[in-house]
Amino acid sequence: MATARQRLLKEYKEALKQKSEDTGITLIPNETNLFAWRAVLRGPKDTPFEGGVFELVINVPEQYPLQPPAVRYRTKIFHPNVHFKTGEICLDILKNAWSPAWTLHSVCQAVLALMSDPAPDSPLNCDAGNLLRFGDTRGYNSLARMYTLDFAAGAAVAAGRSG
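Residues numbered from 1 in each chain as written. Predicted model: local features only at pLDDT ≥ 70, side-chain atom pairs only at ≥ 80, totals over all residues. Heavy atoms only, no water.

Visitor: Tell me about the packing of helix H4 (residues 126-133) against helix H5 (residues 137-151), and please be specific about residues and values.
Guide: Viewed as axis vectors pointing N to C, H4 and H5 meet at an angle of 145°, and their least axial separation amounts to 7 Å. The two elements H4 and H5 meet at a crossing, and its hand is left-handed. Touching Ala-128, Leu-131 and Leu-132 of H4 are Thr-137, Gly-139, Tyr-140 and Leu-143, all from H5. A per-class count over the contact of H4 with H5 returns 5 nonpolar, 2 polar and no charged. (Axes fitted to C-alpha atoms, helices over the stretch in contact; angles between N-to-C directions. Helix = DSSP H or I, 4+ residues; strand = E, 2+ residues; numbered from the N terminus. Left-handed = near helix turned anticlockwise from the far one by under 90°. Contact = heavy atoms within 4.5 Å. Nonpolar A, V, L, I, M, F, W, Y, C, P; charged D, E, K, R; others polar.)

Visitor: Give me the lowdown on the side chain of Asn-125, citing residues and values where you can.
Guide: Looking at the element boundaries, Asn-125 is found in the loop between helix H3 (104-116) and H4. A residue is classified by how much of its surface remains accessible, and Asn-125, at 7% relative accessible area, is buried. Every residue in contact with Asn-125, bar those within four places of it in the chain, is listed here: Phe-78, His-79, Pro-80, Val-82 and Phe-84. (Buried < 20%, exposed > 50% of the residue type's maximum accessible area, 1.4 Å probe, protein only.)

Visitor: Explain the pattern of salt bridges to me, using residue names and the numbers behind them.
Guide: If you walk through the whole model with that rule in mind, you get 5 salt bridges. Of the charged contacts in the structure, one is a salt bridge between Glu-14 and Lys-17, with a shortest N-O distance of 3.4 Å. With Glu-14 and Lys-17 both in helix H1 (residues 2-17) and 3 residues apart, this pair spans about one turn of that helix. Residue Glu-14 is classed as partly exposed on the basis of its relative accessible area, which comes to 38%. Accessibility expressed as a relative area gives 60% for Lys-17, which makes it exposed. Here Glu-50 ties to Lys-45 by a salt bridge, and the two come within 3.8 Å at their closest N and O atoms. For Glu-50, a relative accessible area of 32% translates into the label partly exposed. It is possible to trace a salt-bridge network through shared partners that takes in Arg-38, Glu-55 and Arg-74. (Salt bridge = Lys/Arg side-chain N within 4 Å of Asp/Glu carboxyl O.)

Visitor: Lay out the packing of aromatic side chains with the relevant residues and their values.
Guide: Overall, the coordinates contain 8 aromatic pairs when judged by the stated rule. Look at Phe-54 and Tyr-73: their rings are 6.3 Å apart centre to centre, the planes differ by 85°, and that puts the pair in the edge-to-face class. Note that Phe-54 is positioned in strand E3 (residues 53-59) and Tyr-73 in strand E4 (residues 70-73), a separation of 19 residues in sequence. When the ring of Phe-78 is compared with that of Tyr-147, the centres are 5.5 Å apart and the planes differ by 15°; the resulting orientation is stacked. Placement of Phe-78 in the loop between E4 and H3 and of Tyr-147 in helix H5 is noted, with a sequence separation of 69 residues between them. On the basis of relative accessible area, Phe-78 is assigned to the buried category, the value being 6%. Joined through ring pairs, the aromatic side chains of Phe-78, Phe-84, Tyr-140, Tyr-147 and Phe-151 make up one cluster. Lys-76 extends its terminal NZ or CZ atom over the ring of Phe-84, reaching a point 5.1 Å from the ring centre. (Phe/Tyr/Trp six-rings, centres within 6.5 Å; stacked < 30°, edge-to-face > 60°. Lys NZ or Arg CZ within 6 Å of the ring centre and 35° of its normal.)

Encoded structure:
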């Protein structure tokens, strides 16, 4: 646990240096529990998520960095690799492809990359996955954009409708 705490303190110091305008990522540790974090992601440009603000909940195990953090969306999102009800994310680095070289920030970068380039062949949201698998990109983009406006746009986030 001491190793995890030291690593998280180091990552916290790095997070303070990062400019969210440059990365689209803001990492926020819980004030009383260094093993509980939030991340705020700006929806990537040229995606249906552009302009949205998405909150992730990050729970770090005591065995970190040897074990991956548990990461889920708090903000509702229409994406093939995100379970709509629970916010669970299907991403290999959060499961079997984890490496201690990954940091919380690099995990958030991977989540942003997944937003830009979904993997419809391993869906947690079958509706979103099927739209993409059957070539209905327009339908997928329309629904993803609608959910972004409903749950991740400034007014929705301010009103507490993010999830």
